[in-house]
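# Structural overview
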Amino acid sequence: MAVSVENYLKVKEELAVTDTLLVAVSKKKPIEDILALYNLGQRDFGENYVQELLEKQPLLPADIRWHFIGHLQRNKVKYIANLCFLIHGVDSLALLDEINKQAIRHNKIIDCLLQVHIAQEETKFGFNETELAAVLPQLTTRKNVRVKGLMGMASFTTQETRVREEFRQLKNCVNKFAPYFSVDNDPVVSMGMSGDYSIAVQEGSTLVRIGSLLFGTRH
Ligand SMILES: *Cc1c(COP(=O)(O)O)cnc(C)c1O
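All of the points below concern the structure found in this document. (Residues numbered from 1 in each chain as written. Predicted model: local features only at pLDDT ≥ 70, side-chain atom pairs only at ≥ 80, totals over all residues. Heavy atoms only, no water.)

## Observations concerning the pairing of strand 4 (residues 86–90)
With five of five residues buried, strand 4 lies mostly within the body of the structure. As judged from the two bridges shared by strand 3 (residues 65–68) and strand 4, these two strands associate in the parallel manner. Opposite Phe 68, over in strand 4, you have Ile 87 as the bridge partner. For the crossover from strand 4 across helix 5 (residues 93–105) to strand 5 (residues 110–116), the handedness is right-handed. (Buried < 20%, exposed > 50% of the residue type's maximum accessible area, 1.4 Å probe, protein only. Helix = DSSP H or I, 4+ residues; strand = E, 2+ residues; numbered from the N terminus. Pairing = 2+ DSSP bridges. Right-handed = clockwise from strand over helix to strand, strands pointing away.)

## Remarks on the site of the ligand
Near the ligand, the surroundings consist of 13 residues, among which Lys 27, Asn 48, Ser 194, Gly 211 and Ser 212 are the closest. Here a nitrogen atom of the ligand sits 2.9 Å away from a polar atom, N or O, in the side chain of Arg 209. A distance of 2.8 Å separates an oxygen atom of the ligand from a polar backbone atom of Ser 212. Look at the ligand: alone it shows 390 Å² of surface, and the protein chains cover 90% of it. For the shell around the ligand, a count of residues per class yields six nonpolar, four polar and three charged. (Near = heavy atom within 4 Å. Polar contact = N/O pair within 3.5 Å; in protein donor to acceptor, adjacent residues only side chain to side chain. Areas by Shrake-Rupley, 256 points an atom, 1.4 Å probe, with all protein chains shown as cover. Nonpolar A, V, L, I, M, F, W, Y, C, P; charged D, E, K, R; others polar.)

## Here we look at helix 2 (residues 31–38)
All of the buried residues in helix 2 are Ile 31, Asp 33, Ile 34, Leu 37 and Tyr 38. Down the axis of helix 2, the buried side of the element spans an arc of 165°, and every buried residue falls inside it. (Arc of directions from axis to C-beta.)

## Things to note about the packing of aromatic side chains
Taken as a whole and assessed by the stated rule, the structure comprises two aromatic pairs. Look at Phe 45 and Trp 66: their rings are 6.2 Å apart centre to centre, the planes differ by 45°, and that puts the pair in the tilted class. Linking Phe 45 in strand 2 (residues 44–47) with Trp 66 in strand 3, this pair joins segments that are 21 residues apart in sequence. Note on Phe 45: relative accessible area 0%, which makes it buried. Taking relative accessible area as the criterion, Trp 66 reaches 3% and is therefore assigned buried. Between the aromatic rings of Phe 177 and Tyr 180, the centroid separation amounts to 6.4 Å while the plane-to-plane angle is 50°, which identifies the pairing as tilted. Residue classification places Phe 177 among the buried residues on the basis of a relative accessible area of 5%. The class of Tyr 180 is partly exposed, set by a relative accessible area of 38%. In this structure, Arg 43 packs its charged tip against the face of Tyr 38, placed 3.6 Å from the ring centre. The ring of Phe 85 carries Arg 65 above its face, with NZ or CZ at 4.2 Å from the centroid. (Phe/Tyr/Trp six-rings, centres within 6.5 Å; stacked < 30°, edge-to-face > 60°. Lys NZ or Arg CZ within 6 Å of the ring centre and 35° of its normal.)

## Describing the layout of surface pockets
Regions of empty space are outlined by a rolling probe, equal in size to a water molecule, passed over the atoms. The volume enclosed by the second largest pocket comes to roughly 400 Å³. Looking at the second largest pocket, it is lined by 16 residues, and the ones nearest its centre are Leu 21, Lys 148, Asp 186, Val 188 and Thr 206. Tallied by class, residues from the lining of the second largest pocket come to seven nonpolar, three polar and six charged. (1 Å grid on protein atoms, 1.4 Å probe; cavity = no way out; pocket = protein on both sides within 12 Å on 5 of 7 lines; lining within 4 Å. Points joined across faces, edges and corners; volume = space filled by probe spheres on them.)

Structural data, given as C-alpha cells:
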C-alpha cells in the first residue's frame, strides 16, 4: 500500500493551524487505501469520476462525506445527487439547474461550489469573474441548491508567484461576491492540491484537495 501515514499526519498538523478542511482525493485508489485513512479519522474524501464513486461508495462506511471534484456531466447528475456532501466543479448554469432538479426529486438541498477559471491554461473549466457577476444574482431562484463558495485550480507550474497570484484572485472573488453565498459563517474557498496547498493556505484557502501526497502517485 502506498498510503503515507507520515504525510497525512504532517498535512493535518499544518492545516490545523488555520482550521483548513482536508479533502483526501482518492480517485483511482482502492478501497483499502481509503479505509487506511478513514481509520486514522479522515472523513472527507474526493472523487472525480461518477462511475468510480458509484462503485466505491456502497463498500465504504456511511459516514464518509463524499466530495465530487471532477468535471460533472449534466446527464450523470442523477446518479450522484443523493450521495454527495459537496459538488465542487459547477461550471455552468445549466449544470446547476440539473443539480437543482435532481435535488427537488430527492426532496433535499445539495451544496455546491462554482468553479472559477484562475489558471492561464486553456484546458481548465470554470467561470471568469465577469460571468460570475452575471450568474450569482440568479442563484436565488434555484431553491434546492446552496452555493457555498468557489473552487479553483492554479496553473500547473513551478512558478510560485504565479500560483500565488491565481489563488489570491480566487480569494478576492470570494470576498467580492460574499453576499451571494449561502453560508452561516465564511464562504468556502476550495483551492490547493498536493503541489501547492501550502501556498493556497497562505492565500486563504478553507479547503484543500490533496491526492498523491497522501495516496502516492496515480497510474
Ligand atoms: C486529482 C485532483 C486533485 C488532487 O491532485 P493531487 O495533485 O494528486 O493532490 C485535486 N483537485 C482536483 C480537482 C483533482 O482533479
